[in-house]
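Remarks on the overall topology
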Amino acid sequence: EGLVEDIRPFPSSGELPAFFEGRFRRIGFTFDVLPVQQHLFYATLLPDRQFVDISAINRELRSVKSGWEIEQMRTGGRMLCSAFAALPSVFRSGMTELDLAAEFEYLLRKSGCEGYLRIRAFNQEIVGILTAGGNAALPGCFDGAVTGKGLSAASPFGPSRDRIAEDMAVLVDYGNIFNGYIVDMTRTFSAGRVDPELKSAFDLSVGIHDWIVDNLRPGVICEELFSGAASMAEKAGLGDRFMGHPGEQARFVGHGVGLELDEFPILAQKFRTPLLLGQTIAVEPKFVFPGKGVVGIENTYAVTDSGCERLTPLSDDIVLL
């Protein structure tokens, strides 16, 4: 599958010193994901070499997608939209969060989803989040706006065995993986009446989303998109509810996606780099109301020379179950 002509089998440990001839003095590793044990092993095996960190270079290169890569994500986006569109048809009154998540994941798997999300950040494994009511607004260990209650203290995120009650807001945040490439998406559903406070916050999340999308083009500074979004939340009096449980808010409003769920760029504080043509980004403004629920929206976009292309073409509206 590779485009490099000189592709060789990875040598055994005994062959590595000879493989790295004398002229190869510096060896690059992605230190951000390299286990210490592996680093010590290679340092012992190759004591006269210098090991350097190429994490940033690796992530920056991967952030810009080729036309072929974006096409895989277009296909994955269509698959994901189909599953979201079908979710109301599998909902039944009295279902638990786990029941509905299982039905949704079945739809995704049947469509060809590869079933797991690669996440670069340490100790952040996840399949997807489907959570309702107050469970959606619990603080948690996941580095995002929403964690969910989960099934146990050993797996404290995602759906629980609690029932979805009438008039509860249901947040569904899942990615699809096609040919190794991830597309990320969130939609808000409601099992009955939509709480007016949550509806007002949802409308604001759509407004923030649309403002970011209007400015999602090459050359725009990532931090400025986050700052603008946070300012809109503050002006509406919802700054303390924006992107997480009060006191545990995520300091980003969008993130790169591709082979991993958390790629560069990040629409975040201190990420002062410009957007580049070909980057793919999930935009996800959300609002958290402890004891009541979470509302928000998320779509994945590719940055184009004229702005951006939406890779998750489905209505953003709240859907009644």
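Worth saying up front: this structure is predicted, and the values here are computed from it rather than measured. (Residues numbered from 1 in each chain as written. Predicted model: local features only at pLDDT ≥ 70, side-chain atom pairs only at ≥ 80, totals over all residues. Heavy atoms only, no water.)

A tally of regular secondary structure across the chain gives eight helices and 13 strands. At 21 Å, the chain has a C-alpha radius of gyration in line with the 20 Å of a compact globule built from 321 residues. In terms of principal-axis extent, the alpha carbons of the chain reach across some 70 × 40 × 35 Å. Burial statistics for the chain: of 321 residues in total, 50% are counted as buried. Counted over contacts in the chain with a minimum sequence separation of 6, partners at least 24 positions apart contribute 69%. Counting only carbon and sulfur atoms, one obtains 55% of the accessible surface of the chain, whose full area is about 15,400 Å². In the chain, the 30 positive side-chain charges and the 42 negative ones have mean positions that sit 1 Å from each other. (Helix = DSSP H or I, 4+ residues; strand = E, 2+ residues; numbered from the N terminus. Rg over C-alpha atoms; globule rule 2.2 N^0.38 Å. Buried < 20%, exposed > 50% of the residue type's maximum accessible area, 1.4 Å probe, protein only. Contact = heavy atoms within 4.5 Å. Areas by Shrake-Rupley, 256 points an atom, 1.4 Å probe, with all protein chains shown as cover. Lys, Arg positive; Asp, Glu negative; His and termini not counted. Charge placed at Lys NZ, Arg CZ, Asp CG, Glu CD.)

What follows deals with unusual backbone geometry. The omega angle of the peptide bond from Phe-264 to Pro-265 is 0°, so this bond is cis rather than trans. Within the element layout of this structure, Pro-265 appears in strand E7 (residues 263–268). The backbone of Asn-179 sits at a positive phi, close to 55°, despite the residue not being glycine. Looking at where Asn-179 falls in the secondary structure, it is placed in the loop between strand E4 (169–178) and strand E5 (181–190). One non-glycine residue, Lys-270, lies in positive phi territory at about 70°.

Moving on, we come to the state of the cysteines. Enumeration according to the criterion identifies zero disulfides in this entry. Lacking any disulfide linkage, Cys-222 is separated from the closest cysteine sulfur, that of Cys-308, by 13 Å. The class for Cys-222 is buried, based on a relative accessible area of 0%. (Disulfide = S-S within 2.5 Å.)

Turning our eyes to something else, we now look at the side chain of Lys-65. Relative to the assigned elements, Lys-65 resides in the loop between helix H3 (55–63) and helix H4 (67–90). Owing to a relative accessible area of 6%, Lys-65 belongs among the buried residues under this scheme. In terms of polar contacts, Lys-65 uses its side chain to reach the backbone carbonyl oxygen of Arg-62, at 3.1 Å. Here the side chain of Lys-65 touches Ser-63 through a polar contact of 3.2 Å, landing on its backbone oxygen. (Polar contact = N/O pair within 3.5 Å; in protein donor to acceptor, adjacent residues only side chain to side chain.)

Our focus in this paragraph is the environment of Val-294. Position of Val-294 among the secondary structure elements: in strand E10 (residues 293–296). The class of Val-294 is buried, set by a relative accessible area of 0%. With 249 residues separating them along the chain, Val-294 and Leu-45 place their C-alpha atoms 51 Å apart. Discounting chain neighbours no more than four positions away, the residues touching Val-294 are Ala-136, Ala-137, Val-146, Ala-169, Leu-171, Phe-287 and Val-288.

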